[in-house]
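Listed here are the chains, written in short residue letters.
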Amino acid sequence: MEEKTIQRRDFLKFLAFGSVVAGGLRLTRLTSASETGGSSPYRWGMVIDQAKCTGCGHCTLTCRAHNDVAPEISWNRVLDAGKIGDQQVYLPRPCMHCEEAPCVDACMVGASYHRADGIVMMDYDKCIGCRYCEVACPYGARAFNWESFTGPNPAVPEWGQPEVPRRPRGVVEKCSFCYQRIDRGLKLGLKPGVDEEATPACVVACPIGARNFGDLNDPESEVSILIKDNPYFQLREDLGTSPRVYYLPTREEVTT
Amino acid sequence: MITIKRFTVQPVHLWIALLLLVLAVGTVAYGIVMVKGLSVTNLSDLVPWGLWITIDLSAIALSAGAFTLCAVVYLLGLKQYEPVARTATFIGLIGYSMALLTLLLDIGRPDRFWHAIVYWNTHSLLWEVSMCLTLYLCVLLLETAPLFGRAEWMQTRFPWISNKMMSIHHLAPFLALLGLGLSMLHQSSLGATYGVLIARPIWYKPGLSVLFMFSAMVGGPALMVLITKVSGRLSPRAKVDDTLLEKITLFIGWGLVGYIYFRFWDAFSMTYTYEPGRSEALSMMTSGPLAFNFLVGEMLLGAIIPAILLLVPRFRKSWIAQVVALTLVVGGVVAYRWDVNMSGLLVILTYLPQEITTIYTTYFPSMIEILSGLGVVAYGALAITLGVRYLNLIDHRGTEKEVVESPVIIAGTD
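Because the structure is predicted, anything quoted here is derived from the model rather than measured. (Residues numbered from 1 in each chain as written. Chains lettered and ligands numbered in written order. Predicted model: local features only at pLDDT ≥ 70, side-chain atom pairs only at ≥ 80, totals over all residues.)

Quick look at the overall build of chain A
For chain A, the helix and strand inventory stands at 8 helices and 9 strands. Split into buried and exposed, the 256 residues of chain A put 46% on the buried side. Across chain A, contacts joining residues at least 24 apart in sequence account for 62% of those joining residues at least 6 apart. (Helix = DSSP H or I, 4+ residues; strand = E, 2+ residues; numbered from the N terminus. Buried ≥ 20, exposed ≤ 12 C-beta atoms within 10 Å, placed from the backbone. Contact = placed C-beta atoms within 7 Å.)

Here it is as structure tokens:
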């Protein structure tokens, strides 16, 4: 009898140890997050030229209209980034669509996910509004719908027409690189980044062409050429998130 | 003359009335949140988590007595603690239900709570936590079933169900094992929920999981002993064996010493180098708005003083010193959860190139947040009060016998 009890205890200990290890392994990421969701020939990216940006904020407003975003939320913020010489510098900030997106790892229901073409998408029907992604995002790119957005959108029709449904109260929302324009454009045989109809609204709206959009997999695309020929930076590269939004910095020789 | 049997008001009735009042107010506040959404809170996109997450984390941490004592009884084989484990298990059940109630309040779409179980993102710490919570709640329901089954009113009214519920006791070692695994996973993972976020330097470290686990293993038994001791003094229905609790309080005392050690190095090692965001958050805790909470609430009152009170034999013999010490430990666990959450959220790192600067924000819970939170706490206190009164929750008499009469045989081992 005594012998049996010891066996049982050992067996239980083994099970306890095993279950802890198995649970831990489940969380370990063995594959890159960017590999999820099928395959796509495209890898969309954006290049923003800080030297050109005048901080007019057209991108913010156009974005609000096309994506039907509430006035108190900005998917696309334009930040004051200090001065170089006498020139005021701005930093437009959409979602970075990180290759290693903290929000995608954080989301417990998989409402934030990578599309095969690299876009970090939101499934607004899955989101439970826990806001862990907001806590995880280093760029403040996410906004929670604290209230439901009802009534007319002040940015419509001056800045464009809504192309996606409004998000309900209680979910987190963010920039989607205007996936609806990309997807529809590709179906019509258009080229995102070249044809306006297939390009994110903010890129089209920028009056001085400070924003460029295109396929990073295509060496001939404008974005690929821009980051090949110019010095560039990404926001908080040190975090290892590999943002797919690149910035061409303001330089003395450009401003003078 | 007709004599009327008079209903005499006892202190416990006043206590229950008070809890019911708070519960009623809390329920109204809860309803307002459900109808109006989270705009009635003081939470924002900069501070998305606040008072409720603290209640939630604290309730889970303070329920840790359940798995700790079940492991002690059924895995380490210290059967004399079986009645204590029973109390702890019930407190665990109530604590976890409090946590779930608060979570439901905190999510933007409470109607989609079930998504957390149906849709899986196995990379997410919160996915793992919600899985563990769900499974562990089932374990706790099974572990507490004999307690409900043994209640007199259950036995007389539903003898068949009562017998079935009591027979679940045979599964106790398996449940203890399952509970240990699930609890170790999610108690640590709740720390890791914060600890894996590279965007928040004060959190980004492996130590958070260890500290969450450790403080839970101290705080959980502390709450259990506290409730037992107070009930023993206030209610004739609680039969307390103080010698049984003595060892546990000693364990809590030494656990606190270990916790102070870990927490000290956790904080102290961060003072050596300047790291944007992390250093600012730390100075917020040592000299900023969180200083009182951290230095006094968490360290001095929450850990150092109770460690002394629980380890010095003269104080350990005193009922009042113990109750004070255990209350402080419970408060310390809550303060720790609040500090962790707030230190990461109130300091925001900018992402501007060249200069990584920090900005500060503030948060104070709104009245609705406070009232609904109090409502959840009142529910917990009420459930435990009723448990002591009607479920014979605290009864340390004649314990050996019961355990011995239900030996567990694992198929395949004989």
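Quick word on the overall build of chain B
Along its length, chain B carries 17 helices and 2 strands. Considered along the principal axes of its C-alpha atoms, chain B spans approximately 80 × 55 × 50 Å. The buried share among the 414 residues of chain B stands at 52%. Long-range pairs, those at least 24 residues apart, make up 77% of the contacts in chain B with a sequence separation of at least 6.

Some words on the packing of helix α2 (residues 51-62) of chain B against helix α4 (residues 82-106) of chain B
Residue and element names in this part refer to chain B. Interaxial distance between α2 and α4 falls to 8 Å at its minimum, and their mutual angle equals 160°. Looking at the two axes, α2 sits roughly antiparallel to α4. In the packing of α2 onto α4, the handedness of the crossing is left-handed. The segment α2 lies against α4, with Trp52, Ile53, Ile55, Asp56, Ala59, Ile60 and Leu62 engaging Gly95, Tyr96, Met98, Ala99, Thr102, Leu103, Leu105 and Asp106. For the contact of α2 with α4, the per-class residue count stands at 11 nonpolar, 2 polar and 2 charged. (Axes fitted to C-alpha atoms, helices over the stretch in contact; angles between N-to-C directions. Parallel < 35°, antiparallel > 145°, perpendicular 65-115°, else oblique. Left-handed = near helix turned anticlockwise from the far one by under 90°. Nonpolar A, V, L, I, M, F, W, Y, C, P; charged D, E, K, R; others polar.)

A closer look at the interface of chain A and chain B
Every contact between the two is made by 48 residues of chain A and, on the other side, 40 residues of chain B. When contributions to the side of chain A that touches chain B are tallied by element, the ones reaching two or more residues are α1 (2-27), β2 (77-84), α3 (102-106), α4 (132-136) and β6 (143-144) of chain A. Counting residues per element, the side of chain A that touches chain B draws most heavily on α1(A), at 12 residues. For the side of chain A that touches chain B, the class distribution of residues is 31 nonpolar, 6 polar and 11 charged.

Points about unusual backbone geometry
Residue and element names in this part refer to chain A. Omega for the bond connecting Val156 with Pro157 falls within 30 degrees of zero, at 5°, which places this linkage in the cis form. Relative to the helices and strands, Pro157 resides in the loop between β6 and β7 (172-173). Unusually for a residue other than glycine, Asp68 sits at a positive phi of about 50°. Mapped onto the fold, Asp68 is located in the loop between α2 (58-66) and β2. Backbone geometry places Cys178, a non-glycine residue, at a positive phi of 50°. With respect to the helices and strands, the residue Cys178 is situated in the loop between β7 and α5 (179-187). Judged by local crowding, Cys178 falls into the buried class, with 29 C-beta atoms found within 10 Å.

A look at the environment of Leu23(B)
Residues and elements named next belong to chain B. Looking at the secondary structure, you find Leu23 in helix α1 (residues 11-36). Each C-alpha atom of the pair Leu23 and Leu371 lies 9.0 Å from the other, and the pair is 348 residues apart in sequence. Those residues in contact with Leu23 that lie beyond four places of it in its chain are Gly375, Ala378, Tyr379 and Leu382.

Observations regarding the pairing of strand β1 (residues 44-49) of chain A
Consecutive residues of a regular strand have side chains that alternate between opposite faces of the sheet. Residue and element names in this part refer to chain A. Of all 6 residues in β1, 6 are buried, a share of seventy percent or more. The side-chain alternation of β1 yields two buried faces, one formed by Trp44, Met46 and Ile48 and the other by Gly45, Val47 and Asp49. Where β1 and strand β8 (residues 211-215) come together, 5 bridges link them in antiparallel fashion. Of the residues in β8, the one forming a bridge with Met46 is Phe213. Summarising the sheet, β1 and strand β9 (residues 245-248) pair through 4 bridges and their orientation is parallel. Paired with Ile48 across the strands is Tyr247, a residue of β9. (Pairing = 2+ DSSP bridges.)

With respect to the sheet that holds β1(A)
Residue and element names in this part refer to chain A. One open sheet holds the 3 strands; their spatial order is β8-β1-β9, and the pairing between them is mixed. Across the chains shown, the open sheet's two edge strands, defined by having one partner strand only, are β8 and β9. When the angles between neighbouring strand axes are averaged without regard to direction, this sheet yields 20°.

Here we look at the confidence of the model for chain A
Detail in the predicted coordinates should be disregarded across regions flagged by low pLDDT. All names here are of chain A. Confidence in the prediction of chain A, expressed as mean pLDDT, is 88, and 84% of residues score 70 or more. Of all helices and strands in chain A, the one with the weakest mean pLDDT is helix α8 (residues 252-255) (56), whereas β7 scores best (97). Long-range and interchain partners of residues 30-35, a stretch whose pLDDT sits below 50, account for 8 contacts in this model, where long-range means more than four residues apart. (pLDDT = per-residue confidence, 0-100.)

Looking at the confidence of the model for chain B
Residue and element names in this part refer to chain B. This prediction gives chain B a mean pLDDT of 90; 95% of its residues lie at or above 70. Below a pLDDT of 50 lies the segment residues 399-414, which in the model reaches 18 contacts outside its immediate sequence neighbourhood of four places, other chains included. For this predicted complex, the interface confidence comes out at an ipTM of 0.89, alongside a pTM of 0.88.

Topic: the environment of Asp68(A)
Residue and element names in this part refer to chain A. For Asp68, a count of 19 C-beta atoms within 10 Å corresponds to the partly exposed category. A C-alpha to C-alpha distance of 7.5 Å links Asp68 and Glu163, two positions 95 residues apart in sequence. With residues near it in sequence (within four places) discarded, Asp68 still touches Asn153, Pro162, Val164 and Arg166.

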